[in-house]
Amino acid sequence: MAYTISDDCIACGACADGCPVNAISEGDGKYVIDADACIDCGACAGTCPVGAPQA
Ligand code: SF4
Ligand code: SF4
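Owing to the predicted nature of the structure, the values given are computational and were not obtained by experimental measurement. (Residues numbered from 1 in each chain as written. Chains lettered and ligands numbered in written order. Predicted model: local features only at pLDDT ≥ 70, side-chain atom pairs only at ≥ 80, totals over all residues. Heavy atoms only, no water.)

Residues Ile5, Ile24, Tyr31, Ile33 and Cys44 are the most contacted members of the largest nonpolar core, which totals 15 residues. Mapped by element, the contributors of at least two residues to this core are helix 1 (14-18) and strand 3 (31-33). Residues in contact with Tyr31, not counting those within four places in the same chain, are Ile5, Cys9, Ala11, Gly13, Ala16, Ile24, Ser25 and Glu26. (Core = buried A, V, L, I, M, F, W, Y, C linked by side-chain atoms within 4.5 Å. Buried < 20%, exposed > 50% of the residue type's maximum accessible area, 1.4 Å probe, protein only. Helix = DSSP H or I, 4+ residues; strand = E, 2+ residues; numbered from the N terminus. Contact = heavy atoms within 4.5 Å.)

Below, the structure written as structure tokens:
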């Protein structure tokens, strides 16, 4: 079960820089997680200022 990023995302990019497997990229108005690459480490949830990444 990969993490997903909710519509609360403000596209700051902080999570993408911290993802150990580069699973996060900029999408249309928000960032998105590649479910096949995500290893469920939770780093993005800890980094995000608005709590957008959800397990
Ligand atoms: Fe990357 Fe970890 Fe977030 Fe998955 S949970 S997108 S591996 S930082
Ligand atoms: Fe969006 Fe949070 Fe990632 Fe910033 S850290 S791009 S607000 S999910």
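After that view, the rundown keeps rolling.
Taken together, 13 residues lie around ligand 1, and Cys19, Cys38, Cys41, Gly42 and Cys44 are the ones closest in. When the residues that make up the shell around ligand 1 are grouped by side-chain class, the tally is eleven nonpolar, one polar and one charged. (Near = heavy atom within 4 Å. Nonpolar A, V, L, I, M, F, W, Y, C, P; charged D, E, K, R; others polar.)

Once that is clear, we can look at the site of ligand 2. With respect to spatial proximity, 14 residues lie near ligand 2, and among them Cys9, Cys12, Gly13, Cys15 and Cys48 are the closest. Here the residues of the shell around ligand 2 sort into 13 nonpolar, one polar and no charged.

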